[in-house]
Amino acid sequence: LGPGTALLRAKEQHFGAHNYAPLPVVFHRGNGVWLWDVEGRRYLDMMSAYSAVSFGHAHPRLLRALNDQAQRLALTSRAYSNDRLPLLLERLCALFGFERALPVNTGLEAVETALKAARKWAYKVKGVAADRAEIIACQGNFHGRSTAIVGMSSEAQYRDGFGPFPPGFKLIPYGDADALEAAITPDTAAFLVEAVQGEGGIIVPPDGYLARCAEICRRRDVLLIVDEVQTGLGRTGRLLACEHEGVHPDGLILGKALGGGLLPVSAFLADARVMDVFHPGDHGSTFGGNPLGAAVALEVLDLLEETRPWENAARLGEHLMRRLADGAPSCVTAVRGRGLLVGIELDPRILDAATGAELLLARGIATKDTHHTVLRFAPPLVIDDSVLDAGIDVILDTLATASR
Ligand code: PMP
């Protein structure tokens, strides 16, 4: 019984999600694109904690920002202002072109913030009757796991047994702008959409989709809110995935990588005409905008601007997809993605995705099955060519062996 197995058993006894079986590994340390388990084995991180660890593990500048701020001041709550928050707000607004930013913690919290703002905007500004505002979202969406948010999921797995859910959500097919046009009613407050569906299986919408949605939303007086929790901050080969289509949404949701892989930092960004529907006391969070998170997020924004990691993501993402497509053995039925958010679709009769992830783990590649039949490859954006190529060699060899 190795220390890893013993720790997995100990976790099973007391963990609130004890019957959830993640991959059979216990990580102990991370540096750059590498992870080490408790037995000292090294793995290439091809998951980046669901795209949150964009600058790699233990980035020295992010650690320094965290440590310096932790020693000075970590938390004040929103009862007071702190000296980091205004800097973060200013930077977020300047970088992404909005008048207001509201930092919270996790992705789901930023989505909830956006939904509340949209509904109140519909009521106060658009003139929709109280408690009638409707949100349109997409089939296959993933925006988090609060009861309101799983209530708008199309996935039985996320919903079953957790109802009743708040009403006022309508689902349309992802990638179909005509469906959006048809679904809008006078009560529609917002269309909430992922720029690329991540948890839904790395689904890239058709070219022109977001731009058409933006045009429809503008014409029909509906807010376009883009959830870039996973796709934002360089992951897809641009600073924001919206930029691929020249779209500037009415509301932008950021999370994951904004906290540098060190702590949860998320934000909802919008202009005053939307955000100012919040009155004091309408919305809040003990930890939202805390100086520790703000200091790390500021360093993340500095790193983004200085190192432009989306350029690496664009170049290596193309390379990764080309090599996976060229070398794909029979178990792979599709390769898709944008930048370093890549998925391969597996033929479940040859290899199911969960088994694929376990086989890769045994060969030192850490990734995860997504949406039943998809394996995700989303390494830190700072990965270099030779490390990625060596990883692709192992991935292709593992898949080829499994296809025999
Ligand atoms: N939105 C998107 C697009 C996501 O991918 C995720 C997480 N996978 C979330 C929201 C929720 O983020 P969190 O887990 O931080 O609540």
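Above this note sits the structure.
Notes on the structure in this doc start here. (Residues numbered from 1 in each chain as written. Predicted model: local features only at pLDDT ≥ 70, side-chain atom pairs only at ≥ 80, totals over all residues.)

### Overview of the packing of helix α4 (residues 85–96) against helix α11 (residues 291–307)
For step 1, the next point in the chain: Closest axis-to-axis distance for the α4/α11 pair is 9 Å, and the angle between their directions is 35°. In this structure, the crossing between α4 and α11 has a hand that is left-handed. Of the residues in α11, those in contact with Leu-85, Leu-87, Leu-88, Arg-91 and Leu-95 of α4 are Ala-294, Ala-297, Leu-298 and Leu-301.
For step 2, the next point in the chain: Its residues assigned to classes, the contact of α4 with α11 shows eight nonpolar, no polar and one charged. (Axes fitted to C-alpha atoms, helices over the stretch in contact; angles between N-to-C directions. Helix = DSSP H or I, 4+ residues; strand = E, 2+ residues; numbered from the N terminus. Left-handed = near helix turned anticlockwise from the far one by under 90°. Contact = placed C-beta atoms within 7 Å. Nonpolar A, V, L, I, M, F, W, Y, C, P; charged D, E, K, R; others polar.)

### So, unusual backbone geometry
Backbone geometry follows two general trends: most residues other than glycine have a negative phi, and most peptide bonds adopt the trans configuration.
For step 1, the next point in the chain: Of note, the amide linkage connecting Gly-163 to Pro-164 takes the cis form, showing an omega dihedral of 0°.
For step 2, the next point in the chain: Tracing the sequence through the fold places Pro-164 in the loop between α7 (156–159) and β6 (169–172).
For step 3, the next point in the chain: Backbone geometry places Ser-51, a non-glycine residue, at a positive phi of 75°.
For step 4, the next point in the chain: Of note, Ser-51 is situated in helix α2 (residues 48–51).
For step 5, the next point in the chain: Residues other than glycine seldom take positive phi values, yet Asp-131 does so here, at roughly 60°.
For step 6, the next point in the chain: Considering the arrangement of structural elements, one finds Asp-131 in the loop between α5 (107–126) and β5 (134–138).

### Quick look at the environment of Gly-391
For step 1, the next point in the chain: Among the secondary structure elements, Gly-391 is positioned in helix α14 (residues 385–403).
For step 2, the next point in the chain: Assessed through the 23 C-beta atoms surrounding it within 10 Å, Gly-391 is described here as buried.
For step 3, the next point in the chain: With 346 residues separating them in the primary sequence, Gly-391 and Asp-45 have C-alpha atoms 9.7 Å apart.
For step 4, the next point in the chain: Sequence-distant contacts of Gly-391, that is, excluding residues within four places in its chain, are made with Leu-44, Met-46 and Ile-365. (Buried ≥ 20, exposed ≤ 12 C-beta atoms within 10 Å, placed from the backbone.)

### Describing the pairing of strand β15 (residues 374–377)
For step 1, the next point in the chain: Across the two faces of β15 the burial is the same, with Val-374 and Arg-376 and Leu-375 and Phe-377 all buried.
For step 2, the next point in the chain: By the bridge criterion, four bridges tie strand β12 (residues 341–346) to β15 in an arrangement that is antiparallel. From the neighbouring strand, Ile-344 faces β15, where its bridge partner is Leu-375.
For step 3, the next point in the chain: Taken together, strand β14 (residues 369–370) and the strand that follows it, β15, pair antiparallel across an intervening segment of three residues, in which His-371 is found at a positive phi of about 55°. (Pairing = 2+ DSSP bridges.)

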